[in-house]
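Each chain, written out:
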Amino acid sequence: MEPGGDKQTRPVRPGEELPVETLEPWLRARLPDLPDGPLEVEQFPGGHSNLTYLLRIANREMVLRRPPFGSKVKTAHDMGRELRVLSHLQGHYSKVPRTLAGSDDPAVIGAPFYVMERIHGVILREPTAATAPAGLDLSPEAMRRVSEAAVDGLAELHSVDYRAAGLGDFGRPEGYLERQVAGWRQRWEGSRTDEVPDIETAAAWLSTHPPPGRPLAESALVHNDYKYDNLVFAPDLSGIVAVLDWEMSTLGDPVLDLATSLGYWIDPDDDPALRMIPSGPTTLPGSLRRAEVVERYARLTGRDVSDVPFGYVFGLFKIAVIAQQIYYRFKQGLTKDPRFAAMLPAVRLLGRTAVVSIEKGRIDRLGF
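Since the structure is predicted, the reported quantities are computational estimates derived from the model, not experimental observations.

Draft legend 1. The arrangement of the pairing of strand β5 (residues 113–117) in detail. Counting buried residues along β5, four of its five residues qualify, which places the element largely inside the surrounding structure. In terms of strand pairing, strand β3 (residues 60–66) meets β5 through four bridges, oriented antiparallel. Residue pairing for β5: L64 is matched across the bridge by V115. Sheet analysis places strand β4 (residues 99–103) next to β5, joined by four bridges and oriented antiparallel. Across the sheet, the residue bridging to A101 is V115, located in β5.

Printed below as a string of structure tokens:
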């Protein structure tokens with residue numbers, strides 16, 4: 001778990017440095033109010049996809065986002081798309097950072113990127129209280145409030161009037177579910193390194209058991225990666241102040257967005273090995289369980305959630321594919337991040353969990 005402040009950042013990992021000599025003049029040309037002083041760069045170590053850096057000039061702090069080195073899936077790391085959604089949501093959804101500038105010119109840093117304001121707060125990354133900052137209340141009562149706030153935040157996001165925000169053409173809700181399943185199956189095929197039979201079983205089941213389509217009128221702006229380590233809470237955990245990492249956002253099925261997020265929501269009686277997934281503190285006493293998350297969302301939104309079991313299996317499959325893509329980059333020598341060596345066991349475990357969920361026909365009580 002990370003409190004606000006410099007403890008959130010680390011020195012930049014070898015091989016992931018930014019070219020300060022071209023970045024600094026680019027920034028100063030677009031942000032003339034920057035103070036005097038050298039540009040200092042650190043890295044946010046969390047996250048496994050796009051790379052996030054802290055830029056500091058004197059007392060001015062900014063955050064830069066760029067795609068990972070060596071990624072094969074450019075559409076999953078579209079900086080222009082992420083910049084667009086954040087910019088358009090200003091004034092329509094309060095829980096997004098303010099964007100400052102962006103570029104798709106590789107001459108600046110070697111890849112597309114954008115820069116935004118830094119939001120200070122607490123990101124609840126770890127699944128236990130052992131590393132919590134001193135004084136942070138993680139009592140059962142507090143965790144109940146925090147987990148409820150997480151659900152409420154997703155319901156609020158799905159209520160955004162995306163047309164009024166100028167995002168009416170941000171995605172194609174027609175055929176959304178079918179494209180999602182087909183697209184993630186294609187990504188699996190493109191990054192496979194080892195045989196994982198459970199993943200193949202889950203992929204086949206998803207293709208042959210789609211639920212009835214949701215009416216297009218119920219389409220919403222969906223985040224597609226809504227989880228604790230993409231949420232910034234106020235320092236006292238009183239609520240969410242920002243939602244981060246919009247790289248996969250689009251227009252689509254809000255209940256599928258809810259259901260896929262449950263892939264990161266670990267229940268206390270799940271296989272303990274699942275806690276290697278960046279789930280946040282969902283297993284702490286007081287936290288809502290997956291079934292309670294669904295019940296609360298249904299009460300808040302009035303939406304039919306009967307197809308959540310399908311979405312949960314899809315969420316596990318999608319997380320497994322993301323992990324596999326990361327492992328592929330590691331195996332190819334395209335990244336030296338040592339965390340990525342352990343991705344293949346995670347892929348296997350996620351596949352097994354998906355198959356158990358299919359066999360039992362539910363999203364909870366899956367211990368095996």
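Right, picking up where we left off after that structure.
Draft legend 2. Local environment of the nonpolar core. Ranked by internal contacts, the top residues of the largest apolar core, which has 92 residues, are L89, L221, F233, W246 and V308. Setting aside chain neighbours within four positions, we find F233 in contact with G121, V122, L124, V146, A149, Y228, G239, I240 and V241. Membership of the second largest hydrophobic core comes to 20 residues, among which are L27, L51, M62 and L64.

Draft legend 3. Quick look at the pattern of salt bridges. Using the criterion set out here, one finds 28 salt bridges in the structure. With a shortest N-O distance of 2.3 Å, R192 and E200 are connected by a salt bridge. The partner of D267 in a salt bridge is R290, with the nearest N and O atoms 3.8 Å apart. Here D267, found in the loop between α7 (254–261) and α8 (290–301), pairs with R290, found in helix α8; they are 23 residues apart in sequence, far enough to count as distant.

Draft legend 4. View of unusual backbone geometry. Non-glycine residue D245 carries a positive phi angle of around 60°. Following the sequence through the fold, D245 ends up in the loop between β8 (240–243) and β9 (250–252). Phi angles above zero are rare outside glycine, and R365 is one such case at about 55°. Within the secondary structure layout, R365 lies in the segment after α10 (343–360).

Draft legend 5. Expanded view of the pairing of β3. A large share of β3 lies buried, amounting to six of its seven residues. The hairpin turn running from strand β2 (residues 51–57) into β3, its antiparallel successor, is two residues long, and A58 in that turn takes a positive phi close to 55°.

Draft legend 6. Spotlight on the sheet that holds β3. With respect to topology, five strands assemble into an open sheet ordered β1-β2-β3-β5-β4, the strand pairing being antiparallel. Unpaired on one side and paired on the other, β1 (39–43) and β4 mark the two borders of the sheet. Strand after strand, the sheet turns through a mean of 25° between neighbouring axes, direction not considered. Packed onto the sheet, helix α1 (residues 20–30) meets β1, β2, β3, β4 and β5 and runs at close to 115° relative to β1. Running at roughly 30° to β5, helix α2 (residues 79–89) makes contact with β3, β4 and β5 of the sheet.

Reading guide: rules and limits
Residues numbered from 1 in each chain as written. Predicted model: local features only at pLDDT ≥ 70, side-chain atom pairs only at ≥ 80, totals over all residues. Heavy atoms only, no water. Buried < 20%, exposed > 50% of the residue type's maximum accessible area, 1.4 Å probe, protein only. Helix = DSSP H or I, 4+ residues; strand = E, 2+ residues; numbered from the N terminus. Pairing = 2+ DSSP bridges. Core = buried A, V, L, I, M, F, W, Y, C linked by side-chain atoms within 4.5 Å. Contact = heavy atoms within 4.5 Å. Salt bridge = Lys/Arg side-chain N within 4 Å of Asp/Glu carboxyl O. Axes fitted to C-alpha atoms, helices over the stretch in contact; angles between N-to-C directions.

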